[in-house]
Amino acid sequence: MKTVITLSFLLFIGFYTQAQLTDEQSKKAEMVMKTIDGTEILDIVKVLCQPEMGGRLTGSLGFAKAVDFAAKDFQAWGLLPLGDNGSFFQSFPHPYTQVYLGTKATLLIPGKPERELNYPDEYAPGANSDNGKIKAEIVYAGYAISLPEYGYDELKDLDVNGKIVIVEDGHPYIGLDKRMKDAFEKASQRSLKIDNLVARGAAGVIVPGIIINPNIKYAKGLLSCHLSEAVISEVFEKSGRDYSAIKKDIIRLLKPFTCSTGCFLTIKSKSAHFDDGIGKNILGFIPGTDPVLSKETIVLCAHIDHVGYSEELPIAGANDNASGSSVVMRIGKALAETPFKLKRSVLILLLSGEETGLIGSGYYSEHPVTDISKTLFLNFDMVGVGDNFNISGGDNFP
């Protein structure tokens, strides 16, 4: 954890004005940051990854236990609550879905025996799939993006009604035109893709790649799953097509490719959807000491949520992102308890709803508790592995 200590110390020094610290101040700062050790950070990670936290899926009972744990630590360390009604929580509606043991997928390729796909090598349940069972033809929609104004429409001539639709994540545009890039990025939002497919009568969705992630929007009556690229390639081979080459050509040519496959998938989903789920950001504040500079806020943030269960197995999410949460929490403790106070204010912000589509960060950006025009955000995500750190996501790094 030497990297964490060093990073924390650099942050601590960096919060000051252009005036140089005295030797005495530097020694005090170093002393404070040396109170942060890897053992305490790891202890927080272990708590957040306990089975009773249930993988910390936003809105779930396990998630509620995780945020309660963090808020109690904030209170014990002397951070000030800046959440709703004097609490540490900034709450927002966040429905969630629980997938249960017994979800299955069965593939039928004409000319071959129907076979049940193996979990998790070939298949994984959709984390926001509705409950039920369907059998339907598989069709390929590329990225399921409809931008006729840019001459790109993958849904124009594809019949998805009653079909199970393979949908690539993201978008295919790699050019430099900012207007086109912005348009494709907006059209690539998963929620918008789901809305467009549901409006056209799709019965199910297949996302390529084995991943457990709840960021596919829930829609009543829509079943979803993940298939390995090897299985999808097998489906394409039925009609003499090369799946890998098709994906590359869509990007290279920026030309839609959609098709029916002639193959069929049965999805049996055992799940329950909870409309009453509540997401919670956790906010702990450390006021600055300078009358002017204290109006500027350094936000140290990390998302505390993860993806919940895969069937009956809670996915702990140690690196993603109990690691970032624990580092931010422990820095907050050090800054709150030291008598050596900062001139600028500090907000320790644990976000939720990240795995479901940056819901918590979006909510905070619309409901900030300090002047957002005078705020610097430093986000810590997946910092539990490696021997260095990467800075990204900003226009410049002075």
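Residues numbered from 1 in each chain as written. Predicted model: local features only at pLDDT ≥ 70, side-chain atom pairs only at ≥ 80, totals over all residues. Heavy atoms only, no water.

## Here's the deal with the overall build of the chain
Link 1 in the chain: Along the backbone of the chain there are 10 helices and 20 strands.
Link 2 in the chain: For a compact globule of 398 residues, the expected C-alpha radius of gyration is about 21 Å, and the chain comes in at 24 Å, within 12% of that figure.
Link 3 in the chain: For the C-alpha atoms alone, the extent of the chain along its principal axes is close to 80 × 45 × 40 Å.
Link 4 in the chain: The buried share of the chain, taken over its 398 residues, is 49%.
Link 5 in the chain: Long-range contacts, defined as pairs at least 24 residues apart, comprise 77% of the intrachain contacts of the chain with a sequence gap of at least 6. (Helix = DSSP H or I, 4+ residues; strand = E, 2+ residues; numbered from the N terminus. Rg over C-alpha atoms; globule rule 2.2 N^0.38 Å. Buried < 20%, exposed > 50% of the residue type's maximum accessible area, 1.4 Å probe, protein only. Contact = heavy atoms within 4.5 Å.)

## A look at the environment of alanine 318
Link 1 in the chain: Tracing the backbone through its elements, the reader meets alanine 318 in helix α9 (residues 318-337).
Link 2 in the chain: Given a relative accessible area of 37%, alanine 318 falls into the partly exposed group.
Link 3 in the chain: Through-space distance from the C-alpha of alanine 318 to that of glutamine 50 is 9.9 Å; in sequence the pair is 268 residues apart.
Link 4 in the chain: If we ignore the near neighbours within four places in the chain, the residues touching alanine 318 are Val45, Cys49 and Ser323.

## Some remarks on the packing of helix α7 (residues 229-237) against helix α8 (residues 243-253)
Link 1 in the chain: Contact geometry of α7 with α8 gives a least axis separation of 8 Å together with a crossing angle of 95 degrees. Overall, the two elements α7 and α8 adopt an arrangement that is roughly perpendicular. Between α7 and α8, the residues in contact are Glu229, Ile232, Ser233 and Phe236 and Tyr243, Ile246 and Lys247, respectively.
Link 2 in the chain: Looking at the contact of α7 with α8 residue by residue, the classes come out as 4 nonpolar, 1 polar and 2 charged. (Axes fitted to C-alpha atoms, helices over the stretch in contact; angles between N-to-C directions. Parallel < 35°, antiparallel > 145°, perpendicular 65-115°, else oblique. Nonpolar A, V, L, I, M, F, W, Y, C, P; charged D, E, K, R; others polar.)

## Observations regarding the confidence of the model for the chain
Link 1 in the chain: Summary statistics for the chain give a mean pLDDT of 90 and a share of 91% for residues scoring 70 or more.
Link 2 in the chain: With pLDDT under 50 throughout, residues 1-18 is counted as low confidence; its partners more than four residues away or in other chains account for 43 contacts. (pLDDT = per-residue confidence, 0-100.)

## Details of the pairing of strand β13 (residues 259-269)
Link 1 in the chain: As paired strands, strand β4 (residues 104-108) and β13 are joined by 5 bridges and run antiparallel to one another. Considered in β13, the bridge of leucine 108 is made with phenylalanine 264.
Link 2 in the chain: As paired elements, strand β7 (residues 132-140) and β13 share 8 bridges and run antiparallel to each other. When the sheet's bridge partners are listed, lysine 133 is paired in β13 with lysine 268. (Pairing = 2+ DSSP bridges.)

## Brief notes about helix α4 (residues 61-77)
Link 1 in the chain: With 17 residues, α4 extends 25 Å from end C-alpha to end C-alpha; this agrees with the ideal 24 Å at 1.5 Å per step.
Link 2 in the chain: For α4, the complete set of buried residues consists of Gly62, Phe63, Ala66, Val67, Phe69, Ala70, Ala71, Asp73, Phe74 and Trp77.
Link 3 in the chain: Where α4 is buried, its residues contact α3 (38-48), β2 (89-93), β15 (278-286), α9 and β19 (345-351).
Link 4 in the chain: Once α4 ends, the next one or two residues include glycine 78, with phi positive near 90 degrees. (Expected span 1.5 Å × (residues − 1).)

## Structural notes on the nonpolar core
Link 1 in the chain: Residues Phe74, Ile282, Leu300 and Leu350 are the most contacted members of the largest nonpolar core, which totals 38 residues.
Link 2 in the chain: Excluding its chain neighbours within four sequence positions, the residues that come into contact with phenylalanine 74 are Leu79, Phe88, Ile282, Leu283, Gly284, Met329, Ile348 and Leu350.
Link 3 in the chain: Membership of the second largest hydrophobic core comes to 36 residues, among which are Ile138, Phe184, Cys225 and Cys259. (Core = buried A, V, L, I, M, F, W, Y, C linked by side-chain atoms within 4.5 Å.)

## Observations regarding helix α5 (residues 178-187)
Link 1 in the chain: Of the residues making up α5, those classed as buried are Met180, Ala183, Phe184 and Ala187. The buried residues of α5 occupy an angular sector of 95 degrees when projected down its axis, which confines them to one face. In α5, the exposed residues that point more than 90 degrees away from the buried face are Lys178 and Lys186.
Link 2 in the chain: Looking at the packing, one finds that the buried side of α5 touches β8 (146-147), β9 (152-153) and α6 (190-199). (Arc of directions from axis to C-beta.)

## Some points on the side chain of asparagine 319
Link 1 in the chain: With respect to the helices and strands, the residue asparagine 319 is situated in helix α9.
Link 2 in the chain: Here glycine 384 takes part through its backbone nitrogen, which lies 2.8 Å from a polar atom of the side chain of asparagine 319.
Link 3 in the chain: Those residues in contact with asparagine 319, other than ones at most four positions away along the chain, are Met382, Val383, Gly384 and Val385. (Polar contact = N/O pair within 3.5 Å; in protein donor to acceptor, adjacent residues only side chain to side chain.)

## Quick look at the packing of α3 against α4
When two helices pack together, their arrangement is given by the angle between the helix axes and by the axis-to-axis distance.
Link 1 in the chain: Where α3 meets α4, the axes come as close as 10 Å, and the angle between the chain directions of the two elements is 145 degrees. Taken together, the residues of α4 that come into contact with α3 (itself represented by Ile44, Val47 and Leu48) are Ala66, Phe69 and Trp77.
Link 2 in the chain: Each residue belonging to the contact of α3 with α4 can be placed in one class, and the counts come to 6 nonpolar, no polar and no charged.

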